[in-house]
Each structure stands twice: as structure tokens, then as C-alpha cells.
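Chain by chain, the residues run as shown.
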Amino acid sequence: MRNKENPVFVTQSSLPPLNEYVECLTDIFQSKWLTNQGNYARLLEKELAAFLNVPAVFLCANGTLALQLSLRLLGMNGKKIITTPFTYVATTSAIIWEGGEPLYADIDPESLCIDPAHVERLLQEHQDIGGILPVHVYGNACDVYALHDISLKYGVPVLYDAAHSFGSVLDGKSLFAFGDAAIGSFHATKLFHTVEGGCIVAKQEYMEKVALLRAFGHCDDEHICVGMNAKISEPHAAMGICMLPRMPEIMAKRTRLSTLYDELLDINGKSGIRRPALAKDLKWNHAYYPVIFPDHESMTAVLQALKKENIHPRRYFYPSLSTLPYVKRQPCPISEDMAERVLCLPFWPDMDEELLREIADIIRMAISA
Ligand SMILES: *Cc1c(COP(=O)(O)O)cnc(C)c1O
């Protein structure tokens, strides 16, 4: 039985056996090479590119810095950027931090990803758009083909926030492979992690430019451009080296538990609870277990009932970023409505099946009450 003194959170980080990580640390201690594109960073970049089957992976200290750096890489900094209001706040804050202004396109009510028709309307209404920053929310895929056409038609770059997308495959291609560039987050709570970390996936040709932006803009004594420090350290990269071989097993466990939740919660059935509709031909990574309730009241009832048992799902994603106090208010009725009735349930690969059943029971009771 679970000890109810211990809170249950939305996720729990996966870890490799400690001795495997200690072996890497021993090696790092012996080399005394702790950061600045050492052996582990370079090896992980190569292994990730092979695992994801993409041209190149550039590691960063975290996903937020990867976003900021990519905005500069594609010349999208300091400009109006079309983005989604239904995501983690980092997508918007990176735009603002880089001197830009978010313009929100509402989401599709089925996929919860950005609505390409609204993106195109904004491109018609505004002359000075610097690019599009959509999010593959929960690892589901945006309408990448429509967005690609729009990008070509209006001559603006697309940068995907693929922070949730590790392991999602669309038409045989990693979601990281779409757009002019994509970024990943390897934060401890993400599906694949390096404790803190992130990456940019882009053409190999960007390598030199990324290397400059990521490490102070100079090459030895030659100073070329304004840079920053977005490098990943060797102990962080080593965690990735230990985690990567575990991904197939982690994905299989996620798929199994996700299917169990689906059955117990009667998803898309009489319970009235549904999940975001996955893109056609997507092999989903099961990065989260998001559920959409019929209304705000049922979502709140479930939240309260779970809280009483010391179980704490997250309101991913709330609030709709279009309502943030520091952005210009823009109506996005679908995003605002979804933000009022969506929850991400506790879900991680080594989650106890008994706990999952208990959570499903509490939810069923709360919505039938
Ligand atoms: C986690 C996350 C980020 C930020 O990544 P960090 O590695 O935590 O900096 C950005 N965008 C989205 C959608 C995220 O979920």
C-alpha cells in the first residue's frame, strides 16, 4: 500500500543504475575535462543524431537557452513571432527575452496544437512577422505539412518547440526533423533527460554559428559575434549517455501504462473524458497523460478529490499564455477554454500499477458524484 504521507506528483524522473553513472563520473574526474564540448558532449551529440535519425544535434545547457539561441540562429529575435498560447510559459518568455513580441494563433480543439488557418490570418494581417514558433504539445504533432506550405508562401522560418517530442515519429521521421530548426528539452522531468539540458536540431551547416552563439561568440582570440554561455557540462552529458540506451524500454512501459489509463477512464466513452486527438500516422511517445474534462467544474472536482489523497496532477497547460499579465491581451477562445478543463495525470514509466488504478478510481468517483 502507498504511504499517503508521501505526495504523488505528475511525474518522477527516470535514472540509470548509479554505478553506471559513477563509472562516467570516474572517467570525467580522471580526464579533468568538465565542460566546453568534452568527450561526453560530443559523443552524446553523435548518438542522439543517430537515435533520432536527424542531420545534427547541438546540445545546450537547457531547453530555454536552446530556444533563445535558435531564435537568433534563424534571425527571429527582436521580431513579432506567431506562436501558440497553449504550452509551457518558456515558449513565450524566450521570445520576449530575445526582444520579440508573441502574436498568438489559437489552437485546434482536437489536437491542441496551433491552428494553421489562424497562423495564415495573422501573416495576412501583419507585414513584419519574423517567424513561426509552434509547439508539438504533449509530443503530439502539429500540422507540419500545412505549416511548411505557409512558411514557404510567406517566406518566414518555422522553429519548432519540440520540448515534448523526444521519440515521437511522424511518417517515419522524428518530430525534430521538421521545420528550419527544432529545439528539445532534456530537463529531469522530460521523457529523455540529462538532469538539465536541451538541444537544437538543425542542418549540419549551422554547426559553426551555433558553436559561436553557444560559447561567447569567439574562437580563441578572434571575436566574431555576440555570444552567450549555453554549453552543456560533461556530468550532464554523461547522464544522457547513460539514459539513451534505456529509451526503448521506457517508451514501452509508457505505452502500456497509458493504455491502462485509457481503459480505466473509459476515454472517449461514457465518462465524457477525452484525450487530445493524435496526428494521423503519428507514433506517439506518450510523453504525458493529458485528459480533457467536459467542463471546468468536473476538472476542479477531480483536482480536489485527488488533492485530498495527496495526489497532485498539473494543470498543463494553464493559464492560456494569451492572458499573461506581461503580454498584449489577444483573444484565443479555444486555448482559454482548454486551459480551464485539462489536466496531466501522474504518469511515469516505473509508476506502480496499483497507484494508477487508485487514481483512475478517484477520478471516476469524482465525476459521477
Ligand atoms: C520544458 C519546456 C521548455 C523549457 O525547457 P527547459 O529545459 O526546462 O529550459 C520549453 N518549452 C516547453 C514546451 C517545455 O515543456
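Located above this text is the structure these notes cover.
These remarks concern the structure in this document. (Residues numbered from 1 in each chain as written. Predicted model: local features only at pLDDT ≥ 70, side-chain atom pairs only at ≥ 80, totals over all residues. Heavy atoms only, no water.)

## Some points on helix H10 (residues 296-308)
Phase 1: Between its first and last C-alpha atoms H10 spans 18 Å; for 13 residues at 1.5 Å apiece the expected length is 18 Å, and the two agree.
Phase 2: Within the sequence span of H10, burial applies to Ser298, Met299, Val302, Leu303, Ala305 and Leu306. Buried residues of H10, seen end-on, are gathered within an arc of 165° and therefore sit on one face of the element. Across H10 from its buried face, at more than 90 degrees, point the exposed residues Glu297 and Lys308. (Helix = DSSP H or I, 4+ residues; strand = E, 2+ residues; numbered from the N terminus. Expected span 1.5 Å × (residues − 1). Buried < 20%, exposed > 50% of the residue type's maximum accessible area, 1.4 Å probe, protein only. Arc of directions from axis to C-beta.)

## A short note on the environment of Trp33
Phase 1: Here Trp33 lies in the loop between helix H1 (18-31) and helix H2 (39-52).
Phase 2: The spatial distance from the C-alpha of Trp33 to the C-alpha of Ile82 is 41 Å, given a sequence separation of 49 residues.
Phase 3: Once you skip the residues sitting within four places of it in the chain, Trp33 turns out to touch Ile28, Gly38, Arg42 and Glu234.
Phase 4: One polar contact links the side chain of Trp33 to the main-chain carbonyl oxygen of Asn36, over a distance of 3.4 Å. (Contact = heavy atoms within 4.5 Å. Polar contact = N/O pair within 3.5 Å; in protein donor to acceptor, adjacent residues only side chain to side chain.)

## Regarding helix H5 (residues 116-125)
Phase 1: Among the residues of H5, those classed as buried are Pro116, His118, Val119, Glu120, Leu122 and Leu123.
Phase 2: Those residues of H5 that are buried are in contact with strand S2 (80-83), strand S3 (101-104), strand S4 (129-133) and helix H6 (144-154).
Phase 3: If you check the start of H5, you find a side-chain oxygen 3.0 Å away from the backbone N of Ala117, and it comes from Asp115.

## Topic: the site of the ligand
Phase 1: With respect to spatial proximity, 14 residues lie near the ligand, and among them Gly63, Thr64, His164, Ser185 and Lys190 are the closest.
Phase 2: Contacts to the ligand include Asp161, whose side-chain N or O atom sits 2.8 Å from a nitrogen atom.
Phase 3: Here an oxygen atom of the ligand sits 2.7 Å away from a polar atom, N or O, in the side chain of Ser185.
Phase 4: Protein chains bury 92% of the 380 Å² of accessible surface belonging to the ligand in isolation.
Phase 5: Put simply, the ligand lies in the largest pocket. (Near = heavy atom within 4 Å. Areas by Shrake-Rupley, 256 points an atom, 1.4 Å probe, with all protein chains shown as cover. 1 Å grid on protein atoms, 1.4 Å probe; cavity = no way out; pocket = protein on both sides within 12 Å on 5 of 7 lines; lining within 4 Å. Sits in = over half its atoms within 2 Å of the grid points.)

## Regarding empty space enclosed by the protein
Phase 1: Evaluation of the coordinates by the stated rule reveals one cavity of 30 Å³ or more.
Phase 2: Its boundaries defined by the atoms lining it, the largest cavity holds a volume of some 50 Å³.
Phase 3: Looking at the largest cavity, the residues that line it are Thr11, Gln12, Ser13, Ser14, Ala188, Thr189, Lys190, Leu191, His193 and Arg254.
Phase 4: Counted by class, the lining of the largest cavity contains two nonpolar, six polar and two charged residues. (Points joined across faces, edges and corners; volume = space filled by probe spheres on them. Nonpolar A, V, L, I, M, F, W, Y, C, P; charged D, E, K, R; others polar.)

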